[in-house]
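Each chain is listed here by its residues.
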Amino acid sequence: MDEADVLAPLRQEFTLNDGEIYLDGNSLGPVSTSVRRRVREVIDDEWGRGLVRSWNDAGWMGEPTRLGDRIAPLIGAQPGEVLVADTLTFLIAKLIGAALEHRPDRHVVLTDAANFHSDIYIIEAMCERAGRPVTMKTIDRDRLEEYLNDDVALVELTQVDYRTGESLDMAGITEQVHAAGALMLWDFAHSAGAVPLDVTGADVDFAAGCGYKYLNGGPGAPAFLYVRKSWQGQLRNPLPGWLGHARPFDFELTYEPADGMQAFVTSSPSIVALAALDGALDIWDRTSMDQVRVKSLALTDLFIGLAEERLPGIFEVVTPLDHARRGSQVALRHPEGYGIIQALIENGVIGDFRAPDICRFGFTPLYLRFVDVFDAVERISGVMATESFRDDRFAVHNAVT
Ligand SMILES: *Cc1c(COP(=O)(O)O)cnc(C)c1O
C-alpha cells in the first residue's frame with residue numbers, strides 16, 4: 001500500500017521523530033520544511049531588516065486575506081470569501097454576533113449538546129449579549145428537524161464531531177436549516193484539511209475553522225472564517241477595530257467598515273504566526289483534498305480492520321464505518337482510555353484522550369504511512385496484553401490530555 005501511495009513523497013517535508021507514530025495531527029499538526037523557511041524569511045528579512053516598512057513593502061496588511069484565498073479551495077469557497085484572523089472561538093463569537101442581527105424576530109440559537117465546550121460557552125455568551133432575548137438550546141443533532149421552527153435564528157454545528165469523528169451531512173443539514181428560515185454556521189475545526197468540503201455547493205452562510213489542526217499552522221495558529229459573498233457588506237462585526245475600518249489611517253472616530261472580508265478584522269495581524277501558517281499551506285500546492293480523502297479513508301479502514309482483528313471485543317469503535325459519515329480520525333471507547341493513551345505515548349504512539357472514555361487517533365495522509373497504522377495496532381495490542389496502562393503513574397491526569 002505504501003508503494004502505491006501517490007502522497008508518499010510528501011512525508012519528507014515534515015519533521016517526525018524516528019520510531020514515533022504521530023496520530024495526533026488532528027490536535028496539533030507537525031512542522032514542515034516550508035514553515036521553517038517562511039518563518040525564517042519573515043523574521044530575518046521582513047521584520048529583521050524591513051522593520052516597520054514591511055507593513056507596506058512585504059504586504060503584511062494583506063496577509064489575512066491572501067492566506068484566506070489560499071485556504072478557500074480547501075473548503076470549496078471562492079477568492080474573497082475567507083479571512084485568516086484571531087483563533088476559532090473568537091471567530092465563532094464574531095459570526096454569531098453578526099448573524100443574530102439578521103433574524104431580529106427570532107429568539108433561539110440551536111447547537112449540538114455534544115459540541116466542543118468552547119463553542120457552547122461562546123454561543124451562550126453571545127446570545128446573552130444580543131441586545132434582545134435570545135436563548136441557546138443544546139440539542140441532539142440527530143433530531144434537529146424537531147427543533148427547527150420560525151423562532152430559530154441560527155444553527156451552529158461542528159461538521160466533524162471532535163470526539164467520535166462522525167462527519168455530518170453539510171449540504172443536507174444546511175438545506176434543512178434554510179428551509180426553516182434560519183442561518184447556518186459550521187465549525188470546521190476537524191474538517192478543514194481533513195475532508196473535502198463544498199461550502200458553495202452546500203450554500204453555507206458562515207463557517208470557521210482552526211489553523212493548527214489538519215492545516216499544520218503551528219500551536220495556536222490563527223484561524224479562518226468564511227462568509228458567503230452574498231452576505232458580505234450586510235454583516236456587522238460585533239468586535240470592530242481599526243484594521244477593519246475602511247480607512248484605518250485616517251484615524252476617524254466613527255467606525256465605517258471596510259469592504260468584503262476585511263470588515264471582520266479587528267486588530268493587527270499576527271505576522272509571525274501567519275508566516276508559519278503560510279508555509280504550512282505550501283503542501284496543498286502539491287496535492288488536493290480529493291487525493292487526501294482517498295488515502296484518509298484507506299488509512300482509517302485499515303486501522304479499524306486491524307483493530308477489530310487484533311483487539312476483538314476490547315474496544316468499541318465509535319467512529320462510523322460508513323465512509324460518508326466518517327471524518328479523518330478514529331475513536332475507540334474504553335473505560336481505561338486515559339491510561340491506555342499515556343501507555344501508548346510511552347510506546348511511541350501519540351494519540352489523545354477525550355473524556356470520559358475516548359481514545360482518539362487522527363489520520364493525516366500527508367505524512368502517515370500504512371505501515372505506521374500496522375505498527376500502531378501492534379503497539380496497542382502490546383499495551384493491552386501487558387496491561388501497562390494500569391500503572392499508578394497514569395492515575396493522575398495531565399493538564400492537557
Ligand atoms: C479545537 C477546537 C476549537 C478550538 O478553539 P480555539 O479557540 O482555536 O482554541 C473550537 N471548536 C472545536 C470544535 C474544536 O475542535
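Spatially, the 4 strands line up as an open sheet ordered β9-β10-β13-β12, and their pairing is antiparallel. In this open sheet, the two strands that pair with only one neighbour each are β9 (316-317) and β12 (352-354). The pairing of strand β10 (residues 329-333) with strand β13 (residues 358-362) spans 5 bridges and is classified as antiparallel. Bridging from a neighbouring strand, Arg333 pairs with Ile358 of β13. Relative to β13, helix α10 (residues 337-346) is tilted by about 40°, and along the sheet it contacts β12 and β13.

A few words on the environment of Ile123. By secondary structure assignment, the location of Ile123 is in helix α5 (residues 117-128). Along the primary structure Ile123 and Ala93 are separated by 30 residues, whereas in three dimensions their C-alpha atoms are 6.7 Å apart. When residues no more than four places from it in sequence are discounted, the contact partners of Ile123 are Ile92, Ile96, Val109, Thr111, Met136 and Glu156.

Another aspect to go through is the pattern of salt bridges. The tally for this structure, following the rule as stated, stands at 38 salt bridges. Where Asp372 meets Arg11, a salt bridge forms, and the shortest distance between an N and an O atom there is 3.4 Å. With Asp372 in helix α11 (residues 370-386) and Arg11 in the segment before β1 (21-22), the pair connects residues that are 361 residues apart, well separated along the chain. Residue classification places Arg11 among the partly exposed residues on the basis of a relative accessible area of 22%. When the shortest N-O distance is used, the salt bridge between Arg326 and Asp301 registers 2.8 Å. Taken together, the residues Arg326 in the loop between β9 and β10 and Asp301 in helix α9 (residues 289-310) connect sequence positions 25 residues apart.

Quick look at the site of the ligand now. Every residue near the ligand is listed here: Thr87, Leu88, Thr89, Phe116, Asp119, Thr158, Asp187, Ala189, His190, Cys210, Tyr212 and Lys213. Contacts to the ligand include Thr89, whose side-chain N or O atom sits 2.6 Å from an oxygen atom. Take Asp119: an N or O atom from its side chain is 2.8 Å from a nitrogen atom of the ligand. Protein contact buries 86% of the 400 Å² of open area that the ligand shows by itself.

Turning next to the sheet that holds strand β2 (residues 82-85). Backbone hydrogen bonds are what pair the strands of a sheet, in a parallel or an antiparallel way. Read across the sheet, 7 strands follow the order β2-β8-β7-β6-β5-β3-β4 without closing on themselves; strand pairing throughout is mixed. Only two strands of the sheet have a single neighbouring strand rather than two, namely β2 and β4 (135-139). Across the sheet, the mean angle separating the axes of adjacent strands is 20° when strand polarity is ignored. Judged from the 5 bridges that link them, strand β5 (residues 152-158) and strand β6 (residues 183-187) form a sheet pairing that is parallel. Bridging across to β6, Leu154 finds its partner in Leu183. Together, β2 and β8 (223-227) form the strand contacts of helix α3 (residues 63-75), whose direction differs from that of β2 by roughly 125°.

Another point: unusual backbone geometry. Here the residue pair Ala355 and Pro356 is connected by a cis peptide bond, since its omega of 5° sits within 30 degrees of zero. With respect to the helices and strands, the residue Pro356 is situated in the loop between β12 and β13. At Leu51, a position not held by glycine, the phi torsion is positive, near 45°. With respect to the helices, strands and loops of the structure, Leu51 is situated in the loop between α1 (33-47) and α2 (54-57). Classification of Leu51 as partly exposed rests on a relative accessible area of 47%.

This part covers the domain arrangement of the protein chain. We note that the domain assignment places domain 1 (8-30 + 288-394) and domain 2 (35-285) within the protein chain. Counting from both sides, the interface comprises 33 residues of domain 1 and, opposite them, 23 residues of domain 2. Both sides of the domain 1 and domain 2 interface together cover about 2,200 Å² of buried area, and 61% of this is carbon and sulfur. Where domain 1 packs against domain 2, one counts 1 salt bridge. Its salt-bridge partner being Glu166, residue Arg325 comes within 3.2 Å of it at the nearest N-O pair.

Once that is clear, we can look at the pairing of β4. With 5 bridges connecting them, strand β3 (residues 108-112) and β4 associate as parallel partners. The residue of β4 that forms the bridge with Thr111 is Thr138. Following the backbone out of β3, through α5 and into the adjacent parallel β4, one traces a crossover that is right-handed.

In the structure shown here, the tally under the stated rule is 9 aromatic pairs. A centroid spacing of 5.1 Å and a plane angle of 90° characterise the contact between Trp55 and Trp60, whose relative ring orientation is edge-to-face. Residue class for Trp60 comes out buried when judged on its relative accessible area of 6%. Grouping aromatic residues by their ring pairs yields a cluster made of Trp242, Phe249 and Phe251.

With respect to the secondary-structure elements, Glu156 resides in strand β5. Arg141 provides the closest opposite charge to the buried, unpaired Glu156, separated from it by 9.9 Å. Beyond its immediate sequence surroundings of up to four residues, Glu156 is in contact with Ile92, Leu110, Thr111, Asp112, Asn115, Asp119, Ile123, Leu185 and Asp187.

Taken across its 10 residues, α10 has 8 buried, putting it largely inside the fold. Residues Gly337, Tyr338, Gly339, Ile340, Ile341, Gln342, Ala343 and Leu344 constitute the buried set of α10. Those residues of α10 that are buried lie in contact with β11 (349-350), β12, β13 and α11. Just beyond α10, the residue with positive phi is Gly348, at close to 80°.

Conventions and cut-offs
- Every chain's residues receive numbers from 1 upward, in the order its sequence appears when written.
- Given that this is a predicted model, residues contribute local features only at a pLDDT of at least 70 and side-chain atom pairs are listed and counted only at 80 or more, while totals for whole chains, interfaces and linings are drawn from all residues.
- As a rule here, side-chain values cover all heavy atoms of the structure and leave hydrogens and water aside.
- Think of it this way: DSSP has to see at least two bridges between two strands before they count as a pair.
- By the criteria applied, helices consist of DSSP H or I runs no shorter than four residues and strands consist of E runs no shorter than two, each listed in order from the N terminus.
- Residues count as neighbours in contact if any of their non-hydrogen atoms are within 4.5 Å of one another.
- Whenever a helix is involved, its axis is fitted only over the stretch in contact; in every case the axis is a line through C-alpha atoms, and angles between N-to-C directions fall within 0 to 180 degrees.
- Any carboxyl oxygen of Asp or Glu that lies within 4 Å of a side-chain nitrogen of Lys or Arg is treated as forming a salt bridge with it.
- The rule is simple: take the accessible area with a 1.4 Å probe, protein chains only, and divide by the maximum for that residue type; under 20% is buried, over 50% is exposed, in between is partly exposed.
- Any residue with a non-hydrogen atom lying within 4 Å of a molecule or strand is treated as near it.
- Identification of polar contacts relies on pairs of N or O atoms within 3.5 Å, with a donor-acceptor requirement for protein atoms, meaning one able to donate a hydrogen and the other able to accept it, and with residues adjacent in sequence counted only if both atoms are side-chain atoms.
- Accessible surface area values rest on a Shrake-Rupley calculation with a 1.4 Å probe, where residue burial reflects the displayed protein chains alone.
- Delimitation of the domains relies on an automatic or database domain assignment.
- Buried area counts how much accessible surface, traced with a 1.4 Å probe, disappears from two parts once they are put together, with both parts' losses summed.
- When the strands point away from the viewer and the connection leading from the first strand across the helix to the second strand turns clockwise, the crossover is called right-handed.
- In this scheme Phe, Tyr and Trp rings, the latter by its six-membered ring, pair at centre separations within 6.5 Å, and the angle between planes marks the pair as stacked below 30 degrees, edge-to-face above 60, and tilted otherwise.
- Neither His nor the chain termini are counted; the positive set is Lys and Arg, and the negative set is Asp and Glu.

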